[in-house]
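Here is what each chain is made of, one letter per residue.
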Amino acid sequence: MLPPDHPPVPRPKIGVLLMNLGTPDAPDPKSVKRYLGEFLSDRRVIEIPALLWQPILRGIILNTRPKKSAHAYSLVWREDGSPLAAITRAQAVALKDAFGPGVMVDWAMRYGRPAIADQVKAMKEAGCERILLAPLYPQYCAATTATANDRAFAHLATMRWQPAIRTLPPYYDDALYIDALKTQLQGQLAALDFEPEAVVASFHGMPQRTLELGDPYHCHCRKTARLLGEAMKDTLGDRELLVAFQSRFGRAKWLEPATDTVLESLPGRGIRKVAILAPGFSADCIETLEELAIRGRESFEGAGGTHFAYLPCLNDSDVGVAMLRGLIERELQGWLP
């Protein structure tokens, strides 16, 4: 029994922290500038030496890019905020009671709010003596998975009493993930009012240099596409699942082929009806809703395409939440009662 003057001790719990990339607080230049300043100062994201990069970032990029990006955000912003934040929050809510009363599920953003450090602190104060960090990136990349974990680890380094920690591995080839993609994609294609002549899987791009340095991201993306294509063989028929990489930035060589180039080339090959999905994203965001669904359509139709469909991510759909529950439950084995 605790002595009368002992501070309150919460009942021991397990924490599950869903982590995603981040978003500005609002679709305005000031908020976007603050967000981009944090994002593009991350050494995991920009591997150019800071002495060379920071003058470019502070002198040019943060004085020109925020206005353009704010406009893009405004095109997809929801009543409940940024799509990425709103969907990640909905995923956490959907999983709230999935693992029993002794498990606390919350969410955080690597850049922006709620911050990873704040959420780890809140979980520990709530009694979480064991925490599963769950970066919601199917394919591992140092600029996504690693930096999210880095931020949590950096906060742990400041704590006297650290919780036990596990991290969710990348799930790019996990049967739960491939089956979820297959189930959703079959339903999405069946619901279209046209028959796509090609289906494109667009993954977020990374500089070619990251592959040469040993980052497995490119290989993970290619394997996801291969496994999904094999699983969808009966539905796709003779159609190949095309792979492309989007969101190029700067002058460096990036992973290819580029999504915009692929979309613009298809009509010239006689392919005028296309569907595109983004299996590297766990939740829809500016890169999918603006870059693919809006600008991708413009590129394709401008080149002569007649029918275009963007197929949403798994998000907080029933099949998407069931997949996350299965992945997380597996990682909690030995911790759950």
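On a predicted model such as this, the values are computed, not experimentally measured, just so you know.

Reading the values: rules and limits
- Residues numbered from 1 in each chain as written.
- Predicted model: local features only at pLDDT ≥ 70, side-chain atom pairs only at ≥ 80, totals over all residues.
- Heavy atoms only, no water.
- Helix = DSSP H or I, 4+ residues; strand = E, 2+ residues; numbered from the N terminus.
- Rg over C-alpha atoms; globule rule 2.2 N^0.38 Å.
- Buried < 20%, exposed > 50% of the residue type's maximum accessible area, 1.4 Å probe, protein only.
- Contact = heavy atoms within 4.5 Å.
- Areas by Shrake-Rupley, 256 points an atom, 1.4 Å probe, with all protein chains shown as cover.
- Lys, Arg positive; Asp, Glu negative; His and termini not counted.
- Charge placed at Lys NZ, Arg CZ, Asp CG, Glu CD.
- Pairing = 2+ DSSP bridges.
- Axes fitted to C-alpha atoms, helices over the stretch in contact; angles between N-to-C directions.
- UniProt positions renumbered as here; feature names shortened; annotations may be inferred.
- Core = buried A, V, L, I, M, F, W, Y, C linked by side-chain atoms within 4.5 Å.
- Domains from an automatic or database assignment.
- Parallel < 35°, antiparallel > 145°, perpendicular 65-115°, else oblique.
- Left-handed = near helix turned anticlockwise from the far one by under 90°.
- Nonpolar A, V, L, I, M, F, W, Y, C, P; charged D, E, K, R; others polar.

Observations concerning the overall build of the protein chain
Here is step 1: From N to C terminus, the protein chain includes 13 helices and eight strands.
Here is step 2: On C-alpha atoms alone, the protein chain measures out to a radius of gyration of 21 Å, which is about the 20 Å that the 2.2 N^0.38 rule sets for 337 residues.
Here is step 3: Structurally, the protein chain occupies a C-alpha span of about 80 × 50 × 40 Å along its principal axes.
Here is step 4: Relative to its full complement of 337 residues, the protein chain shows a buried share of 51%.
Here is step 5: Contacts in the protein chain between residues far apart in sequence, at least 24 positions, make up 77% of those at least 6 positions apart.
Here is step 6: Just so you have it, the protein chain exposes about 16,300 Å², and 54% of that area is on carbon and sulfur atoms.
Here is step 7: Side-chain charges of the protein chain comprise 39 positive and 39 negative groups, with the mean position of each set lying 5 Å from the other.

Let's talk about the pairing of strand E8 (residues 307-311)
Here is step 1: With four of five residues buried, E8 is to be regarded as a mostly interior element.
Here is step 2: Pairing geometry for strand E7 (residues 273-277) and E8, over five bridges, is parallel. Note on E8: the bridge partner recorded for Ala-275 is Ala-309.

Thoughts on the sheet that holds strand E4 (residues 164-167)
Here is step 1: Strand order in the open sheet formed by four strands is E2-E1-E3-E4, with parallel pairing between adjacent strands. In the strand order of this sheet, the two ends are held by strand E2 (103-111) and E4, each with one partner. Between one strand and the next, the sheet's axes are offset by a mean angle of 25°, whatever the strand orientation.
Here is step 2: Lying on the sheet, helix H1 (residues 29-39) is in contact with strand E1 (13-22) and E2; it crosses E2 at an angle near 95°.

Digging into the sheet that holds strand E6 (residues 241-246)
The strands making up a sheet are joined through hydrogen bonds of the backbone, oriented either antiparallel or parallel.
Here is step 1: Read from one edge to the other, the open sheet built from four strands follows the order E6-E5-E7-E8, with strand pairing classed as parallel. If you trace the sheet from one side to the other, it starts and ends with E6 and E8, each paired once. The mean inter-strand angle of the sheet, taken between neighbouring strand axes irrespective of direction, is 25°.
Here is step 2: Judged from the four bridges that link them, strand E5 (residues 198-204) and E7 form a sheet pairing that is parallel. Bridge pairing in E7 links Val-200 to Ile-276.
Here is step 3: Packing of helix H6 (residues 175-191) onto the sheet brings it into contact with E5, E7 and E8, and relative to E8 it is tilted by some 150°.
Here is step 4: Here helix H12 (residues 291-302) sits on the sheet and contacts E5, E6, E7 and E8; the angle it forms with E8, its principal contact strand, is near 160°.

Details of the UniProt feature "binding site: Fe(2+)" (unreviewed entry) in the protein chain
Here is step 1: When the UniProt feature table is mapped to this numbering, "binding site: Fe(2+)" (unreviewed entry) covers His-204 and Glu-287. A maximum C-alpha distance of 8.1 Å is found for the annotated residues, which run over 84 residues; spatially they form one tight group.
Here is step 2: For His-204, the position within the fold is in strand E5.
Here is step 3: Apart from residues lying up to four places away in sequence, His-204 is in contact with Tyr-217, Phe-245, Gln-246, Ser-247, Phe-281 and Glu-287.
Here is step 4: Positionally, Glu-287 belongs in helix H11 (residues 286-289).

Structural notes on the nonpolar core
Here is step 1: Core analysis: the largest hydrophobic core is formed by 105 residues, its most contacted members being Leu-18, Leu-95 and Val-120.
Here is step 2: Counting residues per element, this core draws most heavily on helix H2 (residues 50-76), which supplies seven residues.
Here is step 3: Both domains that furnish three or more residues to this core are identified here as domain 1 (13-171 + 319-332) and domain 2 (175-311).

Brief notes about the packing of H1 against H2
Here is step 1: Running from N to C, H1 and H2 point in directions that differ by 125°, and their axes come no closer than 8 Å. It follows from the interaxial angle that H1 and H2 lie oblique. H1 and H2 meet at a crossing whose hand is right-handed. From H1, Pro-29, Val-32, Lys-33, Tyr-35, Leu-36 and Gly-37 reach across to H2, where they touch Leu-57, Arg-58, Leu-62, Asn-63, Arg-65, Pro-66, Lys-67, Ser-69, Ala-70 and Tyr-73.
Here is step 2: Looking at the contact of H1 with H2 residue by residue, the class counts come to nine nonpolar, three polar and four charged.

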